[in-house]
Amino acid sequence: MSAREPVCRYVYDLDGLSAHVRDVVAALPPRCRMFYAMKANSAPEILRTLAPLVDGFEVASGGEFDKARAAGDGVPVVFGGPAKTEGELVRALTGGVARFHVESLLELHRISRAAVATGRTADVLLRVNLAGPFPDATIAMAGTPTQFGIEEAQLPQAMRAARQLPGVRPVGFHLHSLSNNLSPSAHLDMVRLYRDKIAGWERAFGLACDVVNVGGGIGVNYAQPDVPGQVGPQFDWTGFAAQLSRLVDTFPAHWREVDFECGRFLVAAYGTYETEVLDVKRNHAAHFVLVRGGTHHFRLPSSWQHSHPFRVRPCEDWPPDLPRPEAAGTPVTVVGELCTPKDVLARDVVVDRVRAGDVLEFVHAGAYGWEISHHDFLSHPHPEHVFHGRMPG
Ligand SMILES: *Cc1c(COP(=O)(O)O)cnc(C)c1O
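What counts, and where the lines are drawn
- Residues numbered from 1 in each chain as written.
- Predicted model: local features only at pLDDT ≥ 70, side-chain atom pairs only at ≥ 80, totals over all residues.
- Heavy atoms only, no water.
- Near = heavy atom within 4 Å.
- Polar contact = N/O pair within 3.5 Å; in protein donor to acceptor, adjacent residues only side chain to side chain.
- Areas by Shrake-Rupley, 256 points an atom, 1.4 Å probe, with all protein chains shown as cover.
- Helix = DSSP H or I, 4+ residues; strand = E, 2+ residues; numbered from the N terminus.
- Expected span 1.5 Å × (residues − 1).
- Buried < 20%, exposed > 50% of the residue type's maximum accessible area, 1.4 Å probe, protein only.
- Contact = heavy atoms within 4.5 Å.
- Core = buried A, V, L, I, M, F, W, Y, C linked by side-chain atoms within 4.5 Å.
- Salt bridge = Lys/Arg side-chain N within 4 Å of Asp/Glu carboxyl O.
- Phe/Tyr/Trp six-rings, centres within 6.5 Å; stacked < 30°, edge-to-face > 60°.
- Pairing = 2+ DSSP bridges.
- Axes fitted to C-alpha atoms, helices over the stretch in contact; angles between N-to-C directions.
- Parallel < 35°, antiparallel > 145°, perpendicular 65-115°, else oblique.
- Left-handed = near helix turned anticlockwise from the far one by under 90°.
- Nonpolar A, V, L, I, M, F, W, Y, C, P; charged D, E, K, R; others polar.

Visitor: Just to check I follow, could you spell out the site of the ligand for this structure?
Guide: Lining the immediate surroundings of the ligand are Ala37, Lys39, Arg127, His174, His176, Gly216, Gly217, Glu261, Cys262, Gly263, Arg264 and Tyr368. In the environment of the ligand, a nitrogen atom lies 2.7 Å from a nitrogen or oxygen atom belonging to the side chain of glutamate 261. The backbone of arginine 264 places a nitrogen or oxygen atom 2.8 Å from an oxygen atom of the ligand. Coverage of the ligand by the protein chains reaches 88% of its 390 Å² of free accessible surface.

Written as structure tokens, this is what we have:
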């Protein structure tokens, strides 16, 4: 008896990804740039596909910086992230980083020191953790205590240091206060607030910004409507970009560049996590579908506490000498192969029919899927990673 390995893989659609990102970038108003926030998915195939399409990569570690360089020597790289080491700063400086997003006063000093040591001056954006109030409290992440950025109250002190330190040149501000936002109007409100805040800081500090970074956080709708494996309406980027164009027209003319740094919205739709059903069973009146894989490959649903949308691909091949359990027309909970009740990919989702041996296809798995997962917990084999389509360049 030769054992066939059950299906377990990520499948990526590079052509779809290229087309989508091309459209996103083409819709951007003048002065606006799109950087790819690499933490969403830093597979070399994804990076090589995106390198010629975006204005650069946003990295948040020395490791990501190296991956960005490996994907294309000339790709502009901006460096963010809340806790950068001296080693990472030097590596980025000697590797030709375009600018740093500074997260604290001490970090500003560290960057200056590393820049002086390497005979450079580093362009920096001060990342500000806004105090609020926000236009729509339900979507705001800043203003509540987080470890990110420099608090507004400390900005005068940071600005003074940025101007005095020999190794840095302050060229603007960085604001990233939203995550997975699905509302274009809320996003526009946020960008409008950024505009007013930054204009105020320019007046207060007698400064003229060159670059303004408005972050990422454009969302993906993971809600599954009635059709299995489909998702609800997505963020209307074209509509947003049209409104944004009007808003950017109100920005001071000397703001030469307005940066976006999106991850999720660019890549999520172009990855699918396919995993074979190993067993179907009932316990305490609930139906469980157990798959080859789980949250150690795809932690997103557990991290966001949602049921991830999937469809069932029926597979007819089944050994005649084995029973074939199934669940039909009933809510099922899809769990993985880990020995913990937290290994849940979808909870109480009604399916027409799912059998052992069928394959579940989790859609919109291209961002924060494999990247954020604890791959070696329980020492199961990793999934395959299959890339369809062409990498331009
Ligand atoms: C994570 C992150 C992003 C990307 O966020 P998405 O929600 O994937 O668009 C951009 N900027 C910063 C500073 C981040 O931490």
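We are not done yet, so read on.
Visitor: I would appreciate a short explanation of helix α8 (residues 237-249) in the present structure.
Guide: Turn by turn, an α-helix covers 3.6 residues, leaving residues three or four places apart pointing in a common direction. With 13 residues, α8 should reach 18 Å at 1.5 Å per residue; the first-to-last C-alpha distance of 18 Å fits that figure. Within the sequence span of α8, burial applies to Trp237, Phe240, Ala241, Leu244, Leu247 and Val248. Considering only its buried residues, α8 is in contact with α1 (14-27), β2 (32-37), α7 (184-205), β10 (257-262) and α9 (264-267).

Visitor: Please explain the nonpolar core as it appears in this structure.
Guide: One recurring pattern in soluble globular proteins is that nonpolar side chains are buried together. Residues Tyr36, Phe57, Phe100, Leu108, Phe173, Trp237 and Val334 are the most contacted members of the largest nonpolar core, which totals 109 residues. Among the elements that take part in this core, α7 stands out by supplying 8 residues, more than any other. Not counting the four nearest positions on each side in its chain, phenylalanine 173 is found in contact with Leu125, Leu126, Val128, Leu155, Met159, Ile198, Trp201, Leu207, Cys209, Val211, Val212 and Asn213.

Visitor: I would appreciate a short explanation of the pattern of salt bridges in the present structure.
Guide: A side chain of one charge can pair with a side chain of the opposite charge if their charged atoms are brought near each other. Overall, the coordinates contain 22 salt bridges when judged by the stated rule. The salt bridge involving arginine 355 is made with glutamate 316; its shortest N-O contact spans 3.2 Å. Of this pair, arginine 355 sits in strand β15 (residues 344-355) while glutamate 316 is found in the loop between β13 (310-313) and β14 (326-335), placing the two residues 39 residues apart along the sequence. Here arginine 355 falls in the buried class, since its relative accessible area comes to 6%. For arginine 324, the salt bridge is made with aspartate 358, and the minimal N-O distance between the two is 3.3 Å. Of this pair, arginine 324 sits in the loop between β13 and β14 while aspartate 358 sits in the loop between β15 and β16 (359-362), and the two are 34 residues apart along the sequence. For arginine 324, a relative accessible area of 22% puts it in the partly exposed group. Given the relative accessible area of 1%, aspartate 358 is considered buried. Each member of the salt-bridge network shares a partner with another, and the members are Arg9, Glu274, Arg311, Arg313 and Glu361.

Visitor: Sorry if this is basic, but what is going on with the packing of aromatic side chains here?
Guide: In the structure shown here, the tally under the stated rule is 21 aromatic pairs. Ring centres of phenylalanine 173 and tryptophan 201 lie 4.9 Å apart, and the angle between their planes is 55°; on these two criteria the pair is classed as tilted. Of the two residues, phenylalanine 173 is situated in strand β8 (residues 168-174) and tryptophan 201 in helix α7; the sequence distance between them amounts to 28 residues. Assigned by exposure class, phenylalanine 173 and tryptophan 201 land together as buried. Geometrically, the ring pair formed by phenylalanine 251 and tryptophan 255 is edge-to-face, given 5.2 Å between the ring centres and 65° between the ring planes. Of the two residues, phenylalanine 251 and tryptophan 255, both sit in the buried class.

Visitor: Could you clarify how one ought to interpret the side chain of threonine 49 in this entry?
Guide: By the secondary structure assignment, threonine 49 is in helix α2 (residues 44-50). In this structure, threonine 49 is in contact with Leu14, Leu17, Ser18, Arg390, Met391 and Pro392, ignoring residues within four places of it in sequence.

Visitor: Would you mind showing me how to read the pairing of β2 here?
Guide: A regular strand places its side chains on the two faces of the sheet in alternate fashion. The buried fraction of β2 amounts to 5 of the 6 residues, a majority that puts the element mostly inside the structure. In this structure, β2 lies alongside β10, joined through 5 bridges in parallel fashion. Considered in β10, the bridge of arginine 33 is made with aspartate 259. The sheet contact formed by β2 and strand β3 (residues 56-59) spans 3 bridges and is parallel. Bridging across to β3, tyrosine 36 finds its partner in phenylalanine 57.

Visitor: Would you explain the side chain of threonine 295 in this entry?
Guide: Summarising the element assignment, threonine 295 is placed in the loop between β12 (286-291) and α10 (300-304). For threonine 295, a relative accessible area of 4% translates into the label buried. In contact with threonine 295, other than residues within four places in its own chain, are Ser302, Leu338, Lys342, Asp343, Val344, Leu345, Ser373 and His374.

Visitor: Any chance you could explain the environment of tyrosine 368 here in plain terms?
Guide: Mapped onto the elements, tyrosine 368 comes out in the loop between β16 and β17 (384-388). Note on tyrosine 368: relative accessible area 13%, which makes it buried. Setting aside chain neighbours within four positions, we find tyrosine 368 in contact with Lys39, Ala40, Arg264 and Leu300.

Visitor: Honestly, the packing of α7 against α8 in this entry has me stumped. Any pointers?
Guide: Axis angle and axis distance: for two packed helices, these are the angle between their axes and the distance between the axes, and together they describe the pair. It is at 10 Å that the axes of α7 and α8 come closest, and there the two elements cross at 20°. Taken together, the axes of α7 and α8 lie roughly parallel to each other. Of the two possible hands of crossing, α7 and α8 adopt the one that is right-handed. Mapping the contact onto sequence places Pro184, His187, Leu188, Val191, Arg192 and Arg195 in α7 and Phe240, Gln243, Leu244 and Leu247 in α8. Considered class by class, the residues forming the contact of α7 with α8 number 6 nonpolar, 2 polar and 2 charged.

Visitor: Honestly, unusual backbone geometry in this entry has me stumped. Any pointers?
Guide: Only a minority of non-glycine residues have a phi that is not negative, and only a minority of peptide bonds are not trans. Despite not being glycine, arginine 31 has its phi angle at roughly 80°, a positive value. Following the sequence through the fold, arginine 31 ends up in the loop between α1 and β2. Here arginine 31 falls in the partly exposed class, since its relative accessible area comes to 21%. Located in the positive-phi region is glutamine 305, a residue other than glycine, with phi close to 55°.

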